[in-house]
Amino acid sequence: MSGFLLASALFLLITIAAGMVRVLRGPTDGDRMLAAQLFGTTGVAILLLLAEALAMPALVDVALVFALLAAVATVAFVRQRGGQESRDD
């Protein structure tokens, strides 16, 4: 079972690499922020899979902290940008 969980974590790591393309080439700041949200969500999923596969419950706590940081980053982005992107068109 742990082999399957580790393989799933590796697959999610590959999706993060694919999301990096959107961060680097994204046409708008919104695209880049969505890719960053992908990193946060996928990072939490990877940590939870590793916590179960490696029997390390401390990784669950780290995943919770990452989830909170991702939410705070999104709120900070929205407050800073304030819908400016739609006004640029």
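Here is what the cut-offs are and how they apply
- Residues numbered from 1 in each chain as written.
- Predicted model: local features only at pLDDT ≥ 70, side-chain atom pairs only at ≥ 80, totals over all residues.
- Heavy atoms only, no water.
- Helix = DSSP H or I, 4+ residues; strand = E, 2+ residues; numbered from the N terminus.
- Buried < 20%, exposed > 50% of the residue type's maximum accessible area, 1.4 Å probe, protein only.
- Areas by Shrake-Rupley, 256 points an atom, 1.4 Å probe, with all protein chains shown as cover.
- Lys, Arg positive; Asp, Glu negative; His and termini not counted.
- Charge placed at Lys NZ, Arg CZ, Asp CG, Glu CD.
- Salt bridge = Lys/Arg side-chain N within 4 Å of Asp/Glu carboxyl O.
- Core = buried A, V, L, I, M, F, W, Y, C linked by side-chain atoms within 4.5 Å.
- Contact = heavy atoms within 4.5 Å.
- Expected span 1.5 Å × (residues − 1).

K.L.:
Just to check I follow, could you spell out the overall build of the chain for this structure?
P.N.:
When helices and strands are counted, the chain shows four helices and zero strands. Secondary structure elements in the chain, listed N-terminal to C-terminal, are α-α-α-α. With respect to the principal axes defined by its C-alpha atoms, the chain has extents near 50 × 25 × 15 Å. Looking at the chain as a whole, 21% of its 89 residues are labelled buried. Of the roughly 6200 Å² of accessible surface on the chain, a fraction of 71% belongs to carbon and sulfur atoms. Both charge centroids of the chain, one from 6 positive and one from 7 negative side chains, sit 7 Å from each other.

K.L.:
I'm lost on the pattern of salt bridges in this one. Help?
P.N.:
A pair can form between side chains of opposite charge whenever their charged atoms are brought close. A complete count under the given rule lists one salt bridge for this structure. Two residues, D29 and R32, come together in a salt bridge whose shortest N-O distance is 3.7 Å. With D29 and R32 both in helix α2 (residues 29–53) and three residues apart, the pair spans about one turn of that helix.

K.L.:
Before we go on, may I ask you to explain the nonpolar core in this structure?
P.N.:
Where a protein is soluble and globular, its nonpolar side chains tend to be buried together. Core analysis: the largest hydrophobic core is formed by five residues, namely V44, L47, A51, L59 and A63. For this core, the secondary-structure elements that each account for two or more residues are α2 and α3 (58–81). The dominant element in this core, judged by the number of residues it contributes, is α2, at three residues. Leaving out residues up to four positions away in the same chain, A51 has contacts with M56, L59 and V60.

K.L.:
Whenever I open this one, the side chain of T42 confuses me. Can you help?
P.N.:
Positionally, T42 belongs in helix α2. Exposure remark for T42: the relative accessible area of 7% places this residue in the buried category.

K.L.:
Just to check I follow, could you spell out α3 for this structure?
P.N.:
Residues spaced three or four apart along an α-helix face the same direction, because each turn holds 3.6 residues. Taking 1.5 Å of rise per residue, the 24 residues of α3 would be expected to cover 34 Å, and the 35 Å separating its terminal C-alpha atoms lies within 8% of that figure. All of the buried residues in α3 are L59, A63, A70 and R81. Looking at the residues trailing α3, positive phi occurs at G82, about 55 degrees.

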